[in-house]
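These are the residues of each chain, in order.
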Amino acid sequence: MLNLTRQMIEIRSILQSIDPNDNTLKLPSIVVIGSQSSGKSSVLEAVVGREFLPKGSNMVTRRPIELTLVNSPDLAAEVAEFPALRMNNLTDFEQVQKILYDLNLAVPITEAISNDPIQLTIRSPRVPDLSLVDLPGYIQVEAADQPTELKRKIRQLCDKYLEEPNIILAISAADVDLANSTALRASRQMDPKGERTIGVVTKLDLVDGAEARGILTNRKYPLKMGYVGVVTKVPQTSIFKKKTGYQAFIAQQNFESSFLKDNKDEFAGTSVGTRTLKKRLMRVLERSMALSLKPTYDRVQQELEEASYKFKVEFNDRSLTPETYIASSIDTLKGAVKEFSERFGRNEIKSVLKNELDQKVLDLLASKYWNKPHDQSREIDQDLRDIVNASPTDVYWHRKLDLTTNSLTKLGVGRLSTTLLTNALLTEIDNMIDNTTLRTHPMIKQVVRDAAEEVLNSRYYSTADQVENCIKPFKFEIELENSEWKQSREHIIRLLNEELRSCDQYLQLLKKNIGSRKLTQIMTYLENKDNSIGETIERENIGFSPGILSRGRDALFLKDRSSLLQFRISCLKSSQCKIKENKYKCPEIFLAAVADKLTQTAVLFLNVELLSDFYYNFPRALDAKLSNGLTQEQIEAFAKEDPKVKRHIELQQRKELLELATSKIEDVMTLQKHRTKH
Ligand code: GDP
């Protein structure tokens, strides 16, 4: 048998994935409505053959459930899927019930309902191919205490589903007067001529035969597709033991058929029974899908033309999928890493490390040599003057240099240099990404950073240890060549000159900001104040704010530092500091030389242990994380982070889906023609 419904349901879901909100791109579905206790859940479950809807008196459906039934003769039993949650092959229907329950309850009670439908597919050898919607809200609309705004929201949602071309399955219970049926009332509003509505009358067993017949053949609320009467629940009495799962379904069917058999005469000429209902649903759905096919096809064509035009104009027909985008992004990244590796090598590590150690040298000098208490005239520290005249045998200065050198060599150069290089690389990687098209992808940026960190961390401790081991000899003895001394002397003089320049610049800046006269006043005030400590005379604070005073102190510090630097530079330039034997008189040169030795040795190991390894392993880690380690959704999410790429991919996806829908609709239309011919 040619099963067109199945194919049309497939087309329907393709159309839905193109644009869930576009009502014109839509093939019909059967929308089930009924007030609470009308037996709506029982009807749906009888059609499916399994209990799967959440129960409970306070349980209200807060989201539409779009239920797709797929007849699958090869399956042994029912299998459920929540495509949006990517949950497939669920065979435990209590779990399905629980998931539906949770999804519904996730909608806050204050919102009453959500427009976002829950999609559920059930495959089974026993279900017909059908597409049904279980609609929320009819209970809520009726509830008197609902705020008007919410009622309107519920109404809007329901109306959207009850519009053409959908078929309305209006459920009413036999033991309630049809005149009071909420479902029929709602269906009449949206389908006044009763052309798209099937009436289902449940609980036939609760009324007597004649009355049931009266309802089913009623002329008061005529529906073109008529009424079907069903008994969808076995009464809960002691003779009928409660059954679950498929057994419950069999029990229901048996009970229904024996009930219908017992009342054969009354039901003659009417449509009754779940099986009849299923058949009618299939027939009606197929027919209305067939009718909708041509108009839908025309709409799809229109949309396709528009999408193709945009795709050509905006993207020059260039194909782009999330996969190709990610693949090319990885290539871009690898290219950037390669380029970066040519740019950042041993010399760059050296300069990073040297800068840091130079800074440490300056700090040590400041704390061990330059930071002595000043004498009252604020002249250069006496101690530093002494060093110039110190005798070569003066142990004090020798010991001082040894201690300071020790502080430098025992700084933890292993850790320090490894951390420096690691941080420098991570910063460079960030900069590198910022220079590629991937700068608009925070998620990819994070993955790349994680990959870099992973690779670097895996080598961190061993590198730090190796470096520390290799500089160990310098902790005991440091031999310098004359040439090394010369070089370091030049280097430190340059460094101190730079330091002096920045000191002066900063002082100038303070002068400019505060005013030269005022700054001098403050500085004089502070100097006098400092000099009068312990004296009884209280000097008056001439109205300076704490902020200004603190900047005045900065200025004093800079002034002192500046004269100190000038003094030391002149010492270092003097003939005394030309020879390495005078190292204790010229600690700046010696420490700079030590820093240089530490740097040279550390760089060797950092290069071999960390940097080369990083350049080898990082591209591999990128592959592992970005090519192999991502799920389909992540790939898509990554690619769509960039709005332009998102638009490109989505337009292409839309175009492809419209093409797919076109070809499928064309196939079905050909099959239809074929069928009408034979
Ligand atoms: P819903 O609230 O509209 O989803 O209704 P349910 O399917 O939950 O049914 C409401 C009550 O009616 C439940 O207690 C069912 O057992 C009972 N019920 C449903 N269908 C029938 C039926 O055909 N015959 C009888 N006797 N009871 C039924």
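An account of the accompanying structure is given in this report. Because the structure is predicted, anything quoted here is derived from the model rather than measured.

1. Side note on the site of the ligand
Now for step 1: Looking at the ligand, there are 14 residues lining it, with Ser 37, Lys 40, Ser 41, Ser 42 and Thr 232 nearest.
Now for step 2: Here Ser 41 contributes a side-chain N or O atom positioned 2.4 Å from an oxygen atom of the ligand.
Now for step 3: Take Ser 42: an N or O atom from its side chain is 2.4 Å from an oxygen atom of the ligand.
Now for step 4: For the ligand, whose unbound accessible area comes to 570 Å², protein coverage reaches 75%.
Now for step 5: Class assignment for the residues of the shell around the ligand results in two nonpolar, eight polar and four charged.

2. A closer look at the pairing of strand β7 (residues 167-173)
Working note: regular strand, side chains alternate between the two faces of the sheet.
Now for step 1: β7 sits mainly inside the fold: seven of its seven residues count as buried.
Now for step 2: Alternating positions in β7 separate into two faces, Ile 167, Leu 169, Ile 171 and Ala 173 on one and Ile 168, Ala 170 and Ser 172 on the other, with burial throughout.
Now for step 3: As paired elements, β7 and strand β8 (residues 197-202) share six bridges and run parallel to each other. Following the sheet pairing, Ser 172 is matched in β8 by Val 201.
Now for step 4: Regarding the hand of the β-α-β motif, the stretch spanning β7, helix α6 (residues 182-190) and β8 is right-handed.

3. Observations concerning the packing of aromatic side chains
Now for step 1: The full count for this structure, using the stated rule, is nine aromatic pairs.
Now for step 2: The interplanar angle of 50 degrees and the centroid separation of 6.1 Å between the aromatic rings of Phe 259 and Phe 267 together place this pair among those described as tilted.
Now for step 3: The buried category is assigned to Phe 259, whose relative accessible area is 15%.
Now for step 4: Relative to Tyr 461, the ring of Tyr 460 has its centre 5.1 Å away and its plane inclined at 85 degrees; by these criteria the two rings are edge-to-face.

4. A word on the nonpolar core
Now for step 1: Among the nonpolar cores identified, the biggest contains 103 residues, and Trp 370 and Leu 626 are the most heavily contacted of them.
Now for step 2: At 19 residues, the largest contribution of residues to this core is made by helix α20 (residues 587-628).
Now for step 3: Ignoring sequence-local partners within four residues, the contact set of Leu 626 consists of Ile 326, Ile 330, Leu 333, Ile 444, Val 447, Val 448 and Phe 638.
Now for step 4: Listed in part, the 60 residues of the second largest apolar core include Ile 14, Val 47, Phe 82 and Tyr 297.

5. Examining the pattern of salt bridges
Now for step 1: For the structure on display, the rule yields 37 salt bridges.
Now for step 2: A salt bridge links Glu 314 to Arg 647, with the shortest nitrogen-to-oxygen separation between them at 2.7 Å. With Glu 314 in helix α10 (residues 274-315) and Arg 647 in helix α22 (residues 643-677), the pair connects residues that are 333 residues apart, well separated along the chain.
Now for step 3: By relative accessible area, which is 36% here, Glu 314 ends up partly exposed.

6. Re a positive patch on the surface
Now for step 1: Positive charge collects at one region of the surface, where Arg 275, Lys 279, Arg 283 and Arg 287 lie side by side.
Now for step 2: By secondary structure assignment, the location of Arg 283 is in helix α10.

7. Overview of the layout of surface pockets
Now for step 1: Its boundaries defined by the atoms lining it, the largest pocket holds a volume of some 1,300 Å³.
Now for step 2: Around the largest pocket, the lining is made up of 48 residues, and of these Ser 13, Gln 16, Ser 17, Pro 83 and Gln 119 lie nearest the centre.
Now for step 3: Mapped by element, the contributors of at least two residues to the lining of the largest pocket are α1 (4-18), β2 (65-71), β3 (79-82), β5 (118-124), β6 (130-134), α5 (148-162), α21 (632-639) and α22.
Now for step 4: Per element, the largest residue contribution to the lining of the largest pocket is eight residues, and it comes from α1.
Now for step 5: The class makeup of the residues in the lining of the largest pocket is 19 nonpolar, 13 polar and 16 charged.

8. Some thoughts on the sheet that holds β8
Now for step 1: Read from one edge of the open sheet, nine strands run β4-β3-β5-β2-β6-β1-β7-β8-β9, paired in mixed fashion. Of all the strands in the sheet, the pair left with one neighbour each is β4 (87-90) and β9 (227-229). When strand polarity is set aside, the average angle formed by the axes of neighbouring strands in this sheet is 20 degrees.
Now for step 2: Of the pairings in the sheet, the one linking strand β1 (residues 30-33) to β7 comprises four bridges and is parallel in character. Bridge pairing in β7 links Val 32 to Leu 169.
Now for step 3: Relative to the sheet, α6 contacts β1, β7, β8 and β9, its axis offset from that of β7 by approximately 155 degrees.

The rules behind each value
Residues numbered from 1 in each chain as written. Predicted model: local features only at pLDDT ≥ 70, side-chain atom pairs only at ≥ 80, totals over all residues. Heavy atoms only, no water. Near = heavy atom within 4 Å. Polar contact = N/O pair within 3.5 Å; in protein donor to acceptor, adjacent residues only side chain to side chain. Areas by Shrake-Rupley, 256 points an atom, 1.4 Å probe, with all protein chains shown as cover. Nonpolar A, V, L, I, M, F, W, Y, C, P; charged D, E, K, R; others polar. Buried < 20%, exposed > 50% of the residue type's maximum accessible area, 1.4 Å probe, protein only. Helix = DSSP H or I, 4+ residues; strand = E, 2+ residues; numbered from the N terminus. Pairing = 2+ DSSP bridges. Right-handed = clockwise from strand over helix to strand, strands pointing away. Phe/Tyr/Trp six-rings, centres within 6.5 Å; stacked < 30°, edge-to-face > 60°. Core = buried A, V, L, I, M, F, W, Y, C linked by side-chain atoms within 4.5 Å. Contact = heavy atoms within 4.5 Å. Salt bridge = Lys/Arg side-chain N within 4 Å of Asp/Glu carboxyl O. Patch = residues over 30% accessible without salt bridge, like charges linked within 9 Å, V, L, I, M, F, W, Y side chains within 5 Å. Lys, Arg positive; Asp, Glu negative; His and termini not counted. Charge placed at Lys NZ, Arg CZ, Asp CG, Glu CD. 1 Å grid on protein atoms, 1.4 Å probe; cavity = no way out; pocket = protein on both sides within 12 Å on 5 of 7 lines; lining within 4 Å. Points joined across faces, edges and corners; volume = space filled by probe spheres on them. Axes fitted to C-alpha atoms, helices over the stretch in contact; angles between N-to-C directions.

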